[in-house]
Amino acid sequence: MKLAVTKERRPGEARVAASPDSVKRLAALGFTVAVEASAGERAAMPDEAYAAAGAQIVTDPVALLADADVVLKVQRPIAGDGGLDEVAAMKPGAVLVGMLAPYAEPALVRAYAARGLAAFALEFLPRITRAQTMDVLSSQANLAGYRAVLEAAQTYGRAFPMMMTAAGTVPAARVFVMGAGVAGLQAIATARRLGAVVTATDVRPAAKEQVESLGAKFVAVEDEEFRQAETAGGYAKEMSAAYREKQAALVAQHIAKQDIVITTALIPGRPAPKLISAEMVASMRPGSVVVDLAVEQGGNCAGSRPDEIVETGNRVRIVGWANMPSRIAVDASLLYARNLVAFLTPLVDKESSALKIDTADEIVKASLLTRDGAVVHPAFAGQGS
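In this report, the structure presented in the accompanying data block is examined. (Residues numbered from 1 in each chain as written. Predicted model: local features only at pLDDT ≥ 70, side-chain atom pairs only at ≥ 80, totals over all residues. Heavy atoms only, no water.)

**Some words on the overall build of the protein chain**
- Of regular secondary structure, the protein chain possesses 13 helices and 17 strands.
- For 385 residues, the compact-globule estimate of 2.2 N^0.38 gives 21 Å, and the protein chain sits close to it at 22 Å.
- Taken along the three principal axes of its C-alpha coordinates, the protein chain extends 65 × 50 × 40 Å.
- Put simply, the protein chain has 385 residues, and 49% of those count as buried.
- Considering only intrachain contacts with a sequence separation of at least 6, the fraction spanning at least 24 residues in the protein chain is 66%. (Helix = DSSP H or I, 4+ residues; strand = E, 2+ residues; numbered from the N terminus. Rg over C-alpha atoms; globule rule 2.2 N^0.38 Å. Buried < 20%, exposed > 50% of the residue type's maximum accessible area, 1.4 Å probe, protein only. Contact = heavy atoms within 4.5 Å.)

**Digging into helix α6 (residues 136-156)**
- Given a rise of 1.5 Å per residue, 21 residues ought to cover 30 Å, and the 30 Å separating the end C-alpha atoms of α6 matches this to within 8%.
- A distance of 3.3 Å separates the backbone nitrogen of L137 from a side-chain oxygen at the start of α6, and that oxygen is part of D135.
- Positioned one or two residues after α6, G157 has a phi angle of 85°, which is positive. (Expected span 1.5 Å × (residues − 1). Polar contact = N/O pair within 3.5 Å; in protein donor to acceptor, adjacent residues only side chain to side chain.)

**A few points about unusual backbone geometry**
- We note that R315 has phi near 65°; this positive angle belongs to a residue other than glycine.
- Its location among the elements puts R315 in the loop between β14 (309-311) and β15 (317-319).
- Here S353, not a glycine, exhibits a phi torsion of approximately 55°, which is positive.

**Focus on the sheet that holds β15**
- The strand order across the open sheet formed by 7 strands is β11-β10-β9-β12-β13-β15-β14, and the pairing between neighbours is mixed. Taken across any chain shown, the strands that pair with only one partner, and hence form the sheet edges, are β11 (217-218) and β14.
- Both strand β13 (residues 289-292) and β15 contribute to a ladder of 3 bridges, which runs parallel. Pairing of V291 across the sheet is with V319, part of β15. (Pairing = 2+ DSSP bridges.)

**Section: the side chain of T155**
- Structurally, T155 is set in helix α6.
- What T155 contacts, discounting residues up to four positions off in sequence, is V289, I309, R317 and V319.

**Side note on the packing of aromatic side chains**
- One pass over the full model with this rule turns up 6 aromatic pairs.
- Taken together, a centroid distance of 6.4 Å and an interplanar angle of 85° make the contact between Y156 and F160 edge-to-face. The same class applies to Y156 and to F160, which are both buried.
- Taken together through their ring pairs, the aromatic side chains of Y103, F124 and F380 make up a single cluster. (Phe/Tyr/Trp six-rings, centres within 6.5 Å; stacked < 30°, edge-to-face > 60°.)

**What about the sheet that holds strand β1 (residues 2-5)?**
- Across the sheet, 8 strands lie side by side as β3-β2-β1-β4-β5-β6-β16-β17; this open sheet has mixed pairing. The sheet is open, and its two edges are formed by β3 (56-58) and β17 (374-375), each paired on a single side.
- As paired strands, strand β2 (residues 32-36) and β3 are joined by 3 bridges and run parallel to one another. Looking at the pairing, A34 lines up with Q56 of β3.

**A look at the nonpolar core**
- Grouped together as the largest cluster of nonpolar side chains are 44 residues, with contacts concentrated most on L3, L26, L72, V97, F343 and L344.
- Breaking this core down by element, the ones donating at least two residues are β1, α1 (20-29), β2, β4 (70-75), β5 (95-99), β6 (118-121), α12 (329-344) and α13 (362-367).
- No other element matches the 7 residues that α12 contributes to this core.
- Filtering out sequence-adjacent residues up to four positions away, L26 remains in contact with L3, F31, V33, L72, V341 and L344.
- Counting residues in each nonpolar core, the second largest holds 36 residues, with A144, A152, A183 and A216 among its members. (Core = buried A, V, L, I, M, F, W, Y, C linked by side-chain atoms within 4.5 Å.)

**Observations regarding the environment of V310**
- Relative to the assigned elements, V310 resides in strand β14.
- What makes V310 buried here is its relative accessible area of 12%.
- As a C-alpha pair, V310 and L275 span 35 residues in sequence and 17 Å in three-dimensional space.
- In this structure, V310 is in contact with G303, R305, V316, R317 and I318, ignoring residues within four places of it in sequence.

See the structure below:
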């Protein structure tokens, strides 16, 4: 089986889908691994390291894709942009694995089907124990939460911890984290380690205990709707207008007293919920910072813009770096590469060392978008080729 790792071509993407260590693991599964030249350059993984691990280095991306039985990507491939069409370059029947973001570009799902690809969107992996080592959303969100705090600290212009000096006392920064999923919890832990006074909110009842276990204070309207606000899969439900109004009033009072706010709230397949209004931003003190981790899906904060730091009239800075994991590309790539090995391992038959895709398996069923010329994922099943 021939496996290809390509250079990521989408703007701002510095990660790579394989590391030299994962190349060795993939070879042990029976794959012959080829890596596009300079694919890992922005993640501090040079071609020489891949070659030493046993990978073939290929300079022609079209030839690389045309020869591959399996293609590993970080982000969805490029198609029909007038330059390299990665989808058209793949051979029919090939397996494509990556964070394919099908809601962001549904036309690509049809393109995968038309090309006859077996396309797996790893962000659709179920939240079950067996899939934890494959969970790309968790591995990347964990680093995004960490990096968000560092970006906030750099932009803030003041210290995080309380400092008692001969010249006087520096008060601790007040950090408010909105959304206590993987990214939010890591942001809480990182801000606490830096010495900030941390508070957090989330619509899921289970988050309260997690937030408090990290030493932060939980802020929420804890009514009956709040107690029912979590899906069976562990995701947040969208709340009613009445609840959002009550929560917004509480949050508005709280935000006015904060130095840094980090927002992390996302709903799969939907625009990011607006958590911070322009009025809330206007109530914040000059020099305060908002870091919007949901900016790529419309943003949680009014006024945030992708890949910009917006400064408001009252001197609040809104940080909207898209693709935060790419800003810590080395570790993000290493973790993502391990996720991919964990995902591919059960797909390889141990006796024949050939791919064996069991569509009855719940992991396969949840993540498989297209196969044999058809769109098979229920969320996109009406979008056949």
